[in-house]
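Structural overview for review
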Amino acid sequence: MVKPHRKGTQAAKKPAEKKAVTCGLHQLSDDDDIPTLRSSLLSWYDINKRDLPWRRQLKNTDVNQRAYAVWVSEMMLQQTQVATVIDYYNRWLEKWPTVQKLATATLEEVNEMWSGLGYYSRGRRLHEGAQKVVKELDGQMPSSAASLLKELPGVGRYTAGAIASIAYSQATGVVDGNVIRVLSRLRVIGAESTSPQVMEVMWSLADRLVDPKKPGDFNQAMMELGATVCTPKNPSCGDCPIRGLCRAYQQGEKEKKKSANKLEKMLTKRVEASGSVQDIEDVIEGCNFCLPKEEPWDSSLGVMNYPRKAKKKPPREEKTAVAIVSCGEGPETKFLIIQRPETGLLAGLWEFPSVQLDRDSQSETRKSLIDSYLKETLGLTFGDVEKRTHVGEVVHIFSHIHQTYMVETFDVQHHDGQDGGTGKQEAPPSRWVTRSELQGAALSTAMRKVFKAYEASKSESQHPANRNSTGTKVSNKRKRKSSSDSSDKKKQMALDSFFKPRGVKTKA
């Protein structure tokens, strides 16, 4: 009996993976002077390390507390500069000094504390992890890189290695942006630094180099070197404690000699006892980790030829209509804010009523969409709308989104006095807040920029000497009725009827 042919059987086979080809410059060999690198780096770190608040926490004799302190710092430092993190870290540890304290916090409190720091999922992951440690792990932080990676949400290979080595002295390497830069220059790795092959080489190097006696100090020293000396631009090679072992630095020195004496013979291809290395252009053809032929060594860059990063995709363009709805005057002014969904971008944070637009949305379309959202989704029943003003555009760049906010204001005399809405659709959580309450709310940096633009526009409109974008004076006094105002009057009547349906009473 002939067996039926199963469609797609041949196609389902995975192609054989190509093995990485290397010229031998990039890996560590047994005769490399690793002890010298370790001692040089650790001695430099002891003298030059920055006094940072999370490093002071390492003096705590409670290892569980040390691990918590490192965990918080590493989560905050992801994609964020040290100078920005310091204040957030100090306030966080003051409010939640232990993992047990953090576990009792609400997500709203965490979002408020994290507001402005960006990448808000990090705060949520810390909160989730703290609750898991208290409820499922008897209040004890996982104590190895493997268990940290397995048990704590949001903890990846780097963060697990950092906590394990710094808090628990586990001899495991770490690889972050700073370490990638140091290792790329140390071993002239010219392939794209984010490729899987290169990352495996990086982790292999980091695990091989880490000092087994002082793994935490060594890993921090590598990161400190990348942050303060081996910087992306204008590195201070003269201050580097391991420049004698850096092959990118050696290559740069060779190029300088060549430029100074054009008649000098080509340097030997063989690695000599003095530590000199092969010229980049002389390595074997087809090496996966050398600089690609289409991007050869640039003498003007020196060590900055490394690392080679993949070209980033341009952020996608998005537009959003934003309505700042306010009620009252002066310190008593209240603003309507809406909570975003619990998943997705800026999850759980608060914002002014907003509607995403098509890139080519026209002014009338924008107004129609925001009107519909206010009425049908939020179920707002405002009365006595005094003014609707177009503030302008506010641009905010997320990591992958170029966001333009089209901002306008609705000044009203009354609102229904209730949080939430009773619209035709299920309304998101909403509330009215004062200006001071708004400052403490869990708003994103983008929404704070929007509010800053609103405040600036209000300030200009209240100053009689200022003019608007059309060159017309802006006054805080009401204009007298005139025939020229007939068009505006019709629009105002339409807006009033929109916000104040017949038969609906509003509360003062």
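Quick summary incoming for the structure in this document. (Residues numbered from 1 in each chain as written. Predicted model: local features only at pLDDT ≥ 70, side-chain atom pairs only at ≥ 80, totals over all residues. Heavy atoms only, no water.)

**Observations concerning the packing of helix H6 (residues 107-114) against helix H7 (residues 121-136)**
Note the threshold: Note on geometry: axes are lines fitted to C-alpha atoms, helical ones only across the stretch in contact, with angles between N-to-C directions running from 0 to 180 degrees. Each helix is a run of H or I in the DSSP string that is no shorter than four residues. Each strand is a run of E no shorter than two, and both are numbered from the N terminus. With respect to orientation, any angle under 35 degrees is reported as roughly parallel, any angle over 145 as roughly antiparallel, any angle of 65 to 115 as roughly perpendicular, and every other angle as oblique. If you view the pair so one helix is near and one far, a crossing is left-handed when the near helix is turned anticlockwise from the far one by less than a right angle, and right-handed when it is turned clockwise. The contact criterion used throughout is that any non-hydrogen atoms of two residues lie within 4.5 Å. In the scheme used here, Gly and all other residues not listed as nonpolar or charged are polar, with Ala, Val, Leu, Ile, Met, Phe, Trp, Tyr, Cys and Pro taken as nonpolar and Asp, Glu, Lys and Arg as charged.
Contact pair H6 / H7: the axes reach a minimum separation of 9 Å and the direction vectors enclose 140 degrees. Here H7 runs oblique to H6, going by the angle between their axes. In this structure, the crossing between H6 and H7 has a hand that is right-handed. Residues Leu107, Val110, Asn111 and Trp114 of H6 pack against Arg122, Gly123, Arg124, Leu126 and His127 of H7. Within the contact of H6 with H7, the residues separate by chemical class into 4 nonpolar, 3 polar and 2 charged.

**Let's talk about the packing of aromatic side chains**
Note the following rule: Pairing of aromatic side chains here covers Phe, Tyr and the six-membered ring of Trp, requires ring centres within 6.5 Å, and sorts the geometry by plane angle: under 30 degrees stacked, over 60 edge-to-face, intermediate tilted. Think of it in three bands: residues with accessible area under 20% of the maximum for their type are buried, residues over 50% are exposed, and the middle band is partly exposed, with areas taken using a 1.4 Å probe on protein chains only. Criterion for a charge above a ring: Lys NZ or Arg CZ within 6 Å of the ring centre, and within 35 degrees of the ring normal.
In the structure shown here, the tally under the stated rule is 9 aromatic pairs. Taking the centre distance of 5.7 Å and the plane angle of 85 degrees together, the rings of Phe335 and Tyr454 count as edge-to-face. Note that Phe335 is positioned in strand S2 (residues 334-339) and Tyr454 in helix H16 (residues 445-461), a separation of 119 residues in sequence. Tyr454 carries the same exposure label as Phe335, and that label is buried. Relative to Phe451, the ring of Phe352 lies with its centre 5.9 Å away and its plane at 20 degrees, an arrangement referred to as stacked. On the criterion of sequence distance, the pair formed by Phe352 in the loop between strand S3 (350-351) and strand S4 (354-357) and Phe451 in helix H16 is long-range, its members being 99 residues apart. Taken individually, Phe352 and Phe451 each receive the classification buried, so the pair is uniform in this respect. Three or more aromatic residues link up through ring pairs in this structure, and these residues are Phe335, Phe352, Phe451 and Tyr454. Against the face of Trp203 rests Arg157, its NZ or CZ located 4.1 Å from the ring centre. Here Arg431 stacks its cationic end above the ring of Trp350, 4.4 Å away from the centre of that ring.

**Some remarks on the pattern of salt bridges**
Opposite charge on two side chains lets them pair, provided their charged atoms get close. Stated formally: What makes a salt bridge here is a side-chain nitrogen of Lys or Arg within 4 Å of a carboxyl oxygen of Asp or Glu, nothing more.
Enumeration over the complete set of coordinates arrives at 17 salt bridges. Arg388 is the partner of Asp371 in a salt bridge, and the nearest nitrogen-oxygen pair spans 2.9 Å. A residue pair is termed long-range when its members are at least 10 positions apart, and Asp371 in helix H14 (residues 363-377) and Arg388 in strand S5 (residues 383-397) qualify at 17 residues. The partner of Arg388 in a salt bridge is Glu408, with the nearest N and O atoms 2.9 Å apart.

**Re the nonpolar core**
Basically, it comes down to this: Definition of nonpolar core: a set of buried residues of the types Ala, Val, Leu, Ile, Met, Phe, Trp, Tyr and Cys, connected through side-chain atoms within 4.5 Å.
Trp71, Trp92 and Phe352 are the most contacted members of the largest nonpolar core, which has 106 residues in total. Ignoring any residue separated from it by four or fewer positions in sequence, one finds Trp92 in contact with Tyr68, Val72, Met76, Leu102, Val110, Met113, Trp114 and Leu126.

**Let's talk about unusual backbone geometry**
Residue Pro307 is reached from Tyr306 by a cis peptide bond, and omega for that bond is -5 degrees. Inspection of the secondary structure assignment puts Pro307 in the loop between helix H13 (247-260) and strand S1 (316-327). Positive phi, normally seen in glycine, also occurs at Ser169, with a value near 60 degrees. Relative to the elements of secondary structure, Ser169 occurs in the loop between helix H9 (157-168) and helix H10 (177-186). Located in the positive-phi region is Asn234, a residue other than glycine, with phi close to 50 degrees. Note that Asn234 resides in the loop between helix H12 (215-228) and H13.

**Quick notes on the pairing of S1**
Stated formally: Here a strand pair is declared whenever DSSP counts at least two bridges between the two strands.
A large share of S1 lies buried, amounting to 9 of its 12 residues. As judged from the 12 bridges shared by S1 and strand S6 (residues 401-414), these two strands associate in the parallel manner. Bridging from a neighbouring strand, Glu318 pairs with Gln403 of S6. Where S1 and S2 come together, 2 bridges link them in antiparallel fashion. Counted as the bridge partner of Ser326 is Phe335 from S2. Between the end of S1 and the start of S2, which pair antiparallel, lie 6 residues, with Gly328 showing a positive phi angle near 100 degrees.

**Side note on the side chain of Glu224**
Put simply, the rule is: For the purposes of these results, a polar contact is taken to be a pair of N or O atoms within 3.5 Å, where, inside protein, one atom must be able to donate a hydrogen and its partner to accept one; residues adjacent in sequence count only when each atom of the pair is a side-chain atom.
Tracing the sequence through the fold places Glu224 in helix H12. The class of Glu224 is buried, set by a relative accessible area of 1%. Polar side-chain contacts of Glu224 include one of 2.9 Å to the backbone nitrogen of Arg50. Other than its neighbours up to four places away in sequence, Glu224 contacts Trp44, Tyr45, Asn48, Lys49, Arg50, Arg55 and Val229.

**Remarks on the environment of Asn64**
Along the chain, Asn64 falls in helix H3 (residues 63-77). Sequence spacing of Asn64 and Val99 is 35 residues, and the spatial spacing of their C-alpha atoms is 8.9 Å. Filtering out sequence-adjacent residues up to four positions away, Asn64 remains in contact with Val99, Gly139, Gln140, Met141 and Tyr168. A distance of 3.0 Å separates a polar side-chain atom of Asn64 from the backbone oxygen of Gly139. Here the side chain of Asn64 touches Met141 through a polar contact of 2.6 Å, landing on its backbone nitrogen.

**Regarding H3**
Using the following cut-off: Here a helix's expected span is defined as the number of its residues, less one, multiplied by 1.5 Å.
With 15 residues, H3 extends 21 Å between its outermost C-alpha atoms, agreeing within 8% with the 21 Å of an ideal straight helix rising 1.5 Å per residue. Burial within H3 is extensive, with 13 of its 15 residues counted as buried. Put simply, Asp62 is the residue that caps the front of H3, since its side-chain oxygen is 3.0 Å from the backbone nitrogen of Asn64. With its phi angle positive at about 65 degrees, Gln79 sits one or two positions after the end of H3.

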